[in-house]
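# Tertiary structure, described
Here is how the chains run, residue by residue.
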Amino acid sequence: MSVLPLVFTSGWASGINAYAVVLLLGVFGATGITDEVPESLQRPDVLIAAGILFACEAVADKIPYVDSVWDTVHTVIRPVSGAVVGALLAGQSGSLSDLAAGAVGGSTALASHFVKAGTRMAINSSPEPFSNIIVSTAEDLGVGGIVTFAMFYPEAAAIIAAVLLVLGLIAVYFLVSRIRRFLRRRAQRREEKHLAAHAGRPPD
(Lines give C-alpha, C1' and ligand atoms only; values in the text may rest on other atoms or scores of the structure.)
Protein backbone atom coordinates (compact mmCIF):
# COMPACT_ATOMS: atom_id res chain seq x y z
CA MET A 1 0.00 0.00 0.00
CA SER A 2 1.30 3.45 -0.89
CA VAL A 3 2.33 5.60 2.04
CA LEU A 4 1.20 8.76 0.23
CA PRO A 5 -2.17 9.07 2.07
CA LEU A 6 -0.41 8.90 5.44
CA VAL A 7 2.19 11.42 4.28
CA PHE A 8 -0.54 13.82 3.17
CA THR A 9 -2.53 13.43 6.39
CA SER A 10 0.53 13.85 8.60
CA GLY A 11 1.51 16.93 6.58
CA TRP A 12 -1.93 18.48 7.07
CA ALA A 13 -1.81 17.70 10.79
CA SER A 14 1.76 19.02 11.11
CA GLY A 15 0.62 22.40 9.84
CA ILE A 16 -1.73 22.59 12.81
CA ASN A 17 0.29 20.90 15.55
CA ALA A 18 3.59 19.38 14.47
CA TYR A 19 4.53 18.19 17.95
CA ALA A 20 1.28 16.24 18.33
CA VAL A 21 1.97 14.45 15.04
CA VAL A 22 5.49 13.42 16.05
CA LEU A 23 4.27 12.33 19.48
CA LEU A 24 1.33 10.31 18.16
CA LEU A 25 3.28 8.61 15.37
CA GLY A 26 6.11 7.79 17.77
CA VAL A 27 3.72 6.28 20.32
CA PHE A 28 1.89 4.28 17.64
CA GLY A 29 5.18 2.91 16.35
CA ALA A 30 6.61 2.14 19.77
CA THR A 31 3.47 0.29 20.87
CA GLY A 32 3.34 -1.79 17.70
CA ILE A 33 0.07 -0.35 16.41
CA THR A 34 1.73 0.26 13.05
CA ASP A 35 5.00 -0.66 11.37
CA GLU A 36 4.90 2.41 9.09
CA VAL A 37 6.65 4.61 11.67
CA PRO A 38 10.47 4.74 11.47
CA GLU A 39 12.62 4.02 14.51
CA SER A 40 13.86 7.61 14.64
CA LEU A 41 10.38 8.83 15.63
CA GLN A 42 10.08 6.15 18.32
CA ARG A 43 13.18 7.14 20.28
CA PRO A 44 12.48 8.06 23.92
CA ASP A 45 14.29 11.40 23.65
CA VAL A 46 12.20 12.35 20.60
CA LEU A 47 8.97 11.37 22.37
CA ILE A 48 9.91 13.30 25.52
CA ALA A 49 10.85 16.42 23.55
CA ALA A 50 7.67 16.20 21.46
CA GLY A 51 5.58 15.74 24.61
CA ILE A 52 7.08 18.79 26.32
CA LEU A 53 6.69 20.98 23.24
CA PHE A 54 3.15 19.72 22.71
CA ALA A 55 2.30 20.77 26.28
CA CYS A 56 3.81 24.22 25.64
CA GLU A 57 1.79 24.59 22.45
CA ALA A 58 -1.39 23.40 24.17
CA VAL A 59 -1.07 26.36 26.56
CA ALA A 60 0.24 29.05 24.19
CA ASP A 61 -2.32 28.15 21.54
CA LYS A 62 -5.22 29.06 23.81
CA ILE A 63 -4.07 32.56 24.80
CA PRO A 64 -5.19 35.45 22.53
CA TYR A 65 -2.31 37.12 20.65
CA VAL A 66 0.18 34.68 22.17
CA ASP A 67 -1.21 32.08 19.76
CA SER A 68 -0.49 34.34 16.78
CA VAL A 69 3.06 34.96 17.99
CA TRP A 70 3.48 31.20 18.38
CA ASP A 71 2.15 30.69 14.85
CA THR A 72 4.62 33.25 13.49
CA VAL A 73 7.52 31.43 15.13
CA HIS A 74 6.29 28.13 13.68
CA THR A 75 5.89 29.38 10.09
CA VAL A 76 9.09 27.52 9.24
CA ILE A 77 8.99 24.80 11.89
CA ARG A 78 5.65 23.25 10.89
CA PRO A 79 6.35 22.88 7.14
CA VAL A 80 9.84 21.56 7.85
CA SER A 81 8.41 19.08 10.34
CA GLY A 82 5.78 17.98 7.80
CA ALA A 83 8.49 17.48 5.17
CA VAL A 84 10.79 15.54 7.51
CA VAL A 85 8.01 13.29 8.80
CA GLY A 86 6.84 12.66 5.22
CA ALA A 87 10.34 11.76 4.08
CA LEU A 88 10.86 9.45 7.06
CA LEU A 89 7.56 7.68 6.43
CA ALA A 90 8.46 7.20 2.76
CA GLY A 91 11.90 5.91 3.65
CA GLN A 92 10.36 3.41 6.03
CA SER A 93 7.92 1.98 3.46
CA GLY A 94 10.03 2.31 0.33
CA SER A 95 6.88 2.95 -1.74
CA LEU A 96 7.51 6.65 -2.40
CA SER A 97 10.71 8.61 -2.91
CA ASP A 98 11.91 10.62 0.08
CA LEU A 99 12.09 13.80 -1.97
CA ALA A 100 8.53 13.49 -3.26
CA ALA A 101 7.19 12.62 0.19
CA GLY A 102 9.01 15.57 1.72
CA ALA A 103 7.53 17.90 -0.89
CA VAL A 104 4.01 16.58 -0.27
CA GLY A 105 4.31 16.69 3.50
CA GLY A 106 5.97 20.11 3.59
CA SER A 107 3.64 21.83 1.13
CA THR A 108 0.54 20.39 2.80
CA ALA A 109 1.82 21.48 6.21
CA LEU A 110 2.48 24.99 4.87
CA ALA A 111 -1.07 25.24 3.50
CA SER A 112 -2.71 24.05 6.72
CA HIS A 113 -0.43 26.33 8.77
CA PHE A 114 -1.63 29.24 6.62
CA VAL A 115 -5.23 28.28 7.44
CA LYS A 116 -4.51 27.95 11.15
CA ALA A 117 -2.58 31.23 11.41
CA GLY A 118 -5.13 33.15 9.35
CA THR A 119 -8.04 31.78 11.34
CA ARG A 120 -6.36 32.76 14.60
CA MET A 121 -5.76 36.29 13.37
CA ALA A 122 -9.45 36.58 12.53
CA ILE A 123 -10.43 35.24 15.95
CA ASN A 124 -8.04 37.61 17.71
CA SER A 125 -9.80 40.57 16.11
CA SER A 126 -12.50 39.87 18.73
CA PRO A 127 -11.60 40.76 22.35
CA GLU A 128 -13.18 37.72 24.06
CA PRO A 129 -10.79 34.80 24.82
CA PHE A 130 -13.22 31.87 24.79
CA SER A 131 -13.19 31.33 21.03
CA ASN A 132 -9.42 30.78 21.16
CA ILE A 133 -9.84 28.01 23.71
CA ILE A 134 -12.68 26.38 21.77
CA VAL A 135 -10.88 26.48 18.42
CA SER A 136 -7.57 25.31 19.89
CA THR A 137 -9.21 22.39 21.66
CA ALA A 138 -11.07 21.44 18.46
CA GLU A 139 -7.77 21.55 16.53
CA ASP A 140 -6.02 19.32 19.07
CA LEU A 141 -8.86 16.80 19.05
CA GLY A 142 -9.09 16.94 15.25
CA VAL A 143 -5.38 16.30 14.77
CA GLY A 144 -5.40 13.45 17.29
CA GLY A 145 -8.51 11.87 15.81
CA ILE A 146 -7.49 12.06 12.17
CA VAL A 147 -3.90 10.90 12.71
CA THR A 148 -5.22 7.96 14.73
CA PHE A 149 -7.83 7.23 12.05
CA ALA A 150 -5.05 7.33 9.43
CA MET A 151 -3.30 4.42 11.14
CA PHE A 152 -6.21 2.15 10.20
CA TYR A 153 -7.83 3.87 7.21
CA PRO A 154 -5.15 6.03 5.54
CA GLU A 155 -7.05 6.74 2.32
CA ALA A 156 -10.22 7.81 4.11
CA ALA A 157 -8.21 9.97 6.54
CA ALA A 158 -6.41 11.65 3.62
CA ILE A 159 -9.76 12.48 2.00
CA ILE A 160 -11.02 14.01 5.24
CA ALA A 161 -7.80 16.02 5.63
CA ALA A 162 -8.07 17.26 2.04
CA VAL A 163 -11.68 18.35 2.54
CA LEU A 164 -10.80 20.15 5.78
CA LEU A 165 -7.87 21.87 4.08
CA VAL A 166 -10.04 23.13 1.22
CA LEU A 167 -12.76 24.29 3.61
CA GLY A 168 -10.13 26.04 5.71
CA LEU A 169 -8.70 27.89 2.72
CA ILE A 170 -12.20 29.00 1.74
CA ALA A 171 -12.86 30.18 5.31
CA VAL A 172 -9.65 32.22 5.35
CA TYR A 173 -10.70 33.87 2.08
CA PHE A 174 -13.95 35.03 3.66
CA LEU A 175 -12.15 36.11 6.84
CA VAL A 176 -9.70 38.41 5.06
CA SER A 177 -11.33 41.58 6.41
CA ARG A 178 -11.04 40.37 10.00
CA ILE A 179 -7.44 39.28 9.42
CA ARG A 180 -6.61 42.76 8.12
CA ARG A 181 -8.29 44.27 11.18
CA PHE A 182 -6.08 42.13 13.42
CA LEU A 183 -2.94 43.13 11.53
CA ARG A 184 -3.86 46.84 11.77
CA ARG A 185 -4.50 46.49 15.48
CA ARG A 186 -1.20 44.70 16.02
CA ALA A 187 0.66 47.37 14.04
CA GLN A 188 -1.06 50.05 16.11
CA ARG A 189 -0.06 48.33 19.36
CA ARG A 190 3.55 48.16 18.19
CA GLU A 191 3.49 51.83 17.26
CA GLU A 192 2.06 52.75 20.65
CA LYS A 193 4.78 50.76 22.42
CA HIS A 194 7.41 52.40 20.23
CA LEU A 195 6.10 55.88 21.03
CA ALA A 196 5.86 55.06 24.74
CA ALA A 197 9.45 53.83 24.77
CA HIS A 198 10.68 57.02 23.10
CA ALA A 199 8.57 59.17 25.43
CA GLY A 200 10.27 57.62 28.42
CA ARG A 201 13.78 58.48 27.20
CA PRO A 202 15.56 61.52 28.70
CA PRO A 203 16.13 64.40 26.27
CA ASP A 204 19.50 64.54 24.49
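What comes next concerns the included structure. Treat the numbers as computed from the prediction; the structure is a model and nothing was measured.

Here we come to unusual backbone geometry. Of note in the backbone geometry, Tyr65 takes a positive phi value of approximately 75° without being a glycine. If you trace the backbone, Tyr65 turns up in the loop between helix H2 (44–60) and helix H3 (66–93).

In this model, helix H1 (residues 4–30) (27 residues) spans only 21 Å end to end at C-alpha, well below the 39 Å of a helix rising 1.5 Å per residue. In H1, a bend of some 130° at Asn17 exceeds every other bend along the element. The element H1 is extensively covered by neighbouring structure, given that 22 of its 27 residues are classed as buried.

Before going further, it helps to examine the packing of H1 against helix H5 (residues 130–152). Between H1 and H5, whose axes approach to 9 Å, the crossing angle comes to 80°. Relative to H5, H1 is oriented roughly perpendicular. Touching Leu6, Thr9, Trp12, Ala13, Ile16, Asn17, Ala20, Val21, Leu24, Leu25 and Phe28 of H1 are Glu139, Asp140, Val143, Gly144, Ile146, Val147, Thr148, Ala150 and Met151, all from H5.

A complete count under the given rule lists 2 aromatic pairs for this structure. Plain terms: the ring middles of Tyr173 and Phe174 are 5.3 Å apart, the flat faces sit at 80° to each other, and that makes the pair edge-to-face. Per residue, the accessibility class of Tyr173 equals that of Phe174, and both read exposed.

This part is about the pattern of salt bridges. Under the counting rule described, the total for this entry stands at 9 salt bridges. Notably, a salt bridge pairs Asp71 with Arg78, separated by 2.9 Å at the nearest N-O pair. Owing to a relative accessible area of 2%, Asp71 belongs among the buried residues under this scheme. Accessibility expressed as a relative area gives 0% for Arg78, which makes it buried. Here Glu139 and Lys116 are joined by a salt bridge, their closest N and O atoms 2.7 Å apart. You can see Glu139 sitting in helix H5 and its partner Lys116 sitting in helix H4 (residues 98–124), a full 23 residues away along the chain.

Cut-offs and rules
Residues numbered from 1 in each chain as written. Predicted model: local features only at pLDDT ≥ 70, side-chain atom pairs only at ≥ 80, totals over all residues. Heavy atoms only, no water. Helix = DSSP H or I, 4+ residues; strand = E, 2+ residues; numbered from the N terminus. Expected span 1.5 Å × (residues − 1). Bend = angle between axes of the 7 residues up to and from the residue. Buried < 20%, exposed > 50% of the residue type's maximum accessible area, 1.4 Å probe, protein only. Axes fitted to C-alpha atoms, helices over the stretch in contact; angles between N-to-C directions. Parallel < 35°, antiparallel > 145°, perpendicular 65-115°, else oblique. Contact = heavy atoms within 4.5 Å. Phe/Tyr/Trp six-rings, centres within 6.5 Å; stacked < 30°, edge-to-face > 60°. Salt bridge = Lys/Arg side-chain N within 4 Å of Asp/Glu carboxyl O.

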